[in-house]
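Residues per chain, in single letters:
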Amino acid sequence: MFKKCHQYLGEIVYGGIDGSVTTFAVVAGATGAHLDSSVVIILGLANLVADGFSMGVGSFLSAKSNKQQYEKVKQKEYWEIENLRESEVQDIRDIFKAKGFEGELLERVVEKITENNDHWVDIMMKHELEMVPDSRKLFAIGTATFISFGIVGFIPLSIYILDYKYELEVNLFLISSVLTFIAFIVIGFLKSYVTKTNWVRGIIETLLLGIAAAALAYLAGVFLEKWMG
């Protein structure tokens, strides 16, 4: 289970960041406009469903496009092997010469690789074009993005739903902010793991993104309330 989740960690982080940022922005905007909890819930859930679906479809189509591009380039390499063989042989020779092979050993390696077109093309795709196939399922890529968007994006709304049911005597926006910032920290940490960057930087970048989106939405809510009021 963990291994499968790890395969789609990029999509989980991608969906989680967008879900938490956009939903918290909805909450902030509604708070700025002094809207009731019921309205916040409606707007927030509508955002989760519509934007989450859009994000999932976007991830699906992007992954599909990448796979199609990979296959297109791969077929081009097969064509070049058949029609520009000497040039492609030289490309293999240059690749392995750069890796330290030379003399008779280099020629033996080149001869061995060029015996099999499939193996030859795989080497060219990976070492010359730096393209590797994505074996993940397209549907799973889209689903991971959608589910992550929904789960993490639900966090800013959770306290409002509890308030709607139990009429809590608390500062809803403050609690929503705290919960969301915790989510930002977790997602920011995972983002740094995916991008292989400093985890402190990843967390700070995610927090700043969330704060900026929420601030703009809050100010927009305040302005619209005064303008329409």
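The model shown is predicted, which means the values in this text are computed figures rather than measured ones. (Residues numbered from 1 in each chain as written. Predicted model: local features only at pLDDT ≥ 70, side-chain atom pairs only at ≥ 80, totals over all residues. Heavy atoms only, no water.)

**A short note on the overall build of the protein chain**
Alright, step 1. When helices and strands are counted, the protein chain shows 9 helices and 0 strands.
Alright, step 2. Along its sequence from the N terminus, the protein chain presents helices and strands in the succession α-α-α-α-α-α-α-α-α.
Alright, step 3. What you see for the protein chain is a C-alpha radius of gyration of 25 Å, clearly larger than the 17 Å of a compact globule of 229 residues, by over 25%.
Alright, step 4. The dimensions of the protein chain, computed from C-alpha atoms along their principal axes, are 80 × 40 × 30 Å.
Alright, step 5. Taking all 229 residues of the protein chain together, 37% fall into the buried category.
Alright, step 6. When the accessible surface of the protein chain is totalled, it reaches about 14000 Å², and 64% of it is carbon and sulfur.
Alright, step 7. One way to put it: in the protein chain the 21 positive side-chain charges average out to a point 3 Å from where the 27 negative ones average out. (Helix = DSSP H or I, 4+ residues; strand = E, 2+ residues; numbered from the N terminus. Rg over C-alpha atoms; globule rule 2.2 N^0.38 Å. Buried < 20%, exposed > 50% of the residue type's maximum accessible area, 1.4 Å probe, protein only. Areas by Shrake-Rupley, 256 points an atom, 1.4 Å probe, with all protein chains shown as cover. Lys, Arg positive; Asp, Glu negative; His and termini not counted. Charge placed at Lys NZ, Arg CZ, Asp CG, Glu CD.)

**Quick look at helix α7 (residues 138-166)**
Alright, step 1. Here α7 is 29 residues long and its end C-alpha atoms lie 41 Å apart, about the 42 Å a rise of 1.5 Å per residue gives.
Alright, step 2. Within α7, the axis deviates most sharply at Pro156, by approximately 55°. (Expected span 1.5 Å × (residues − 1). Bend = angle between axes of the 7 residues up to and from the residue.)

**Regarding the packing of aromatic side chains**
Alright, step 1. Considering all chains together, one arrives at 7 aromatic pairs under this definition.
Alright, step 2. Relative to Phe173, the ring of Phe24 has its centre 5.8 Å away and its plane inclined at 5°; by these criteria the two rings are stacked. Of this pair, Phe24 sits in helix α2 (residues 9-32) while Phe173 sits in helix α8 (residues 172-195), and the two are 149 residues apart along the sequence.
Alright, step 3. In this structure Phe24 comes out as buried when scored by relative accessible area, which is 2%.
Alright, step 4. An angle of 70° between the planes, with centres 5.8 Å apart, marks the rings of Phe96 and Phe101 as edge-to-face.
Alright, step 5. Judged by its relative accessible area of 28%, Phe101 is partly exposed.
Alright, step 6. Pairwise contacts between aromatic rings join Phe24, Phe173, Phe181, Phe184 and Tyr218 into one cluster.
Alright, step 7. Across the ring face of Tyr193, the terminal group of Lys196 is positioned such that the distance to the ring centre comes to 4.8 Å. (Phe/Tyr/Trp six-rings, centres within 6.5 Å; stacked < 30°, edge-to-face > 60°. Lys NZ or Arg CZ within 6 Å of the ring centre and 35° of its normal.)

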